Amino acid sequence: QVQLVESGGGLVQAGGSLRLSCAASGRLFNTYAMGWFRQAPGKEREFVAAISWSARSTWYSDSVKGRFTISRDNAKNTVYLQMNSLKPEDTAVYYCAQDQGAYRNWSPSPPHGELYWGKGTLVTVSS
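Reading guide: rules and limits
Every chain begins its residue count from 1, and numbering advances along the sequence as written. Whole-chain, interface and lining totals are the exception, using all residues; otherwise, since this is a predicted model, local features are given only for residues with pLDDT of at least 70 and side-chain atom pairs are given and counted only at 80 or more. As a rule here, side-chain values cover all heavy atoms of the structure and leave hydrogens and water aside. A helix here means a DSSP run of H or I that spans at least four residues, while a strand means a run of E at least two residues long, and both kinds are numbered starting from the N terminus. For every residue, the accessible area obtained with a 1.4 Å probe (protein chains only) is divided by the maximum for its type, and the residue is called buried under 20%, exposed over 50%, and partly exposed between those limits. Whether two residues touch is decided by their heavy atoms; if any such pair falls within 4.5 Å, the residues are in contact. Every accessible area reported is derived by Shrake-Rupley at a probe size of 1.4 Å, with residue values counting cover from the shown protein chains alone. The rule for pairing is simple: two strands pair if DSSP sees at least two bridges between them. Note on definitions: angles span 0 to 180 degrees between N-to-C directions of axes, and those axes are lines fitted to C-alpha atoms, for helices only across the stretch in contact.

**Remarks on the overall build of the chain**
When its secondary structure is counted, the chain shows 0 helices and 11 strands. Helices (α) and strands (β) of the chain occur, in sequence order from the N terminus, as β-β-β-β-β-β-β-β-β-β-β. With the principal axes as the frame, the chain shows a C-alpha extent of 40 × 25 × 25 Å. Out of the 127 residues belonging to the chain, those deemed buried represent 42%. Here the analysis covers contacts within the chain between residues at least 6 apart in sequence; of these, 60% occur between residues at least 24 apart. Surface accessibility of the chain: about 6500 Å² in total, with carbon and sulfur atoms responsible for 47%.

**Considering the sheet that holds strand β1 (residues 3–7)**
The 4 strands are arranged β1-β3-β8-β7 in an open sheet whose pairing can be described as antiparallel. Of all strands in the sheet, those with a lone pairing partner are β1 and β7 (68–73), marking the two edges. When the angles between neighbouring strand axes are averaged without regard to direction, this sheet yields 15 degrees. Bridge count for strand β3 (residues 18–25) against strand β8 (residues 78–83) is 6 bridges, and the pairing is antiparallel. Its bridge partner being in β8, serine 21 is matched across the sheet by tyrosine 80.

Structure, rendered in structure tokens:
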């Protein structure tokens, strides 16, 4: 059993910052890569950022590079997404994901069907 619970979403003005958290339970946390995805209204779910099981590697979509930072705290079984310089285009439901395979390299990104998903947290960026 795997459970992922996101928190930290909310309403923020353009140019502001938010930090999302994802608490994981149900299996060994520090052997699995973690990622963040988002889904805007009327759009498909898209990749945002990921971090390897060891935290030695990170990956970002081009749209968030230089603005978002993913990190993890294995002692707390938690992954974070620090979002700075937010834009209205960042408005979406943000989903936490955990790779179903242990010690797996995120690159290339695993299929969505090979990830466990949280329920999501809404981020709204006003102009």
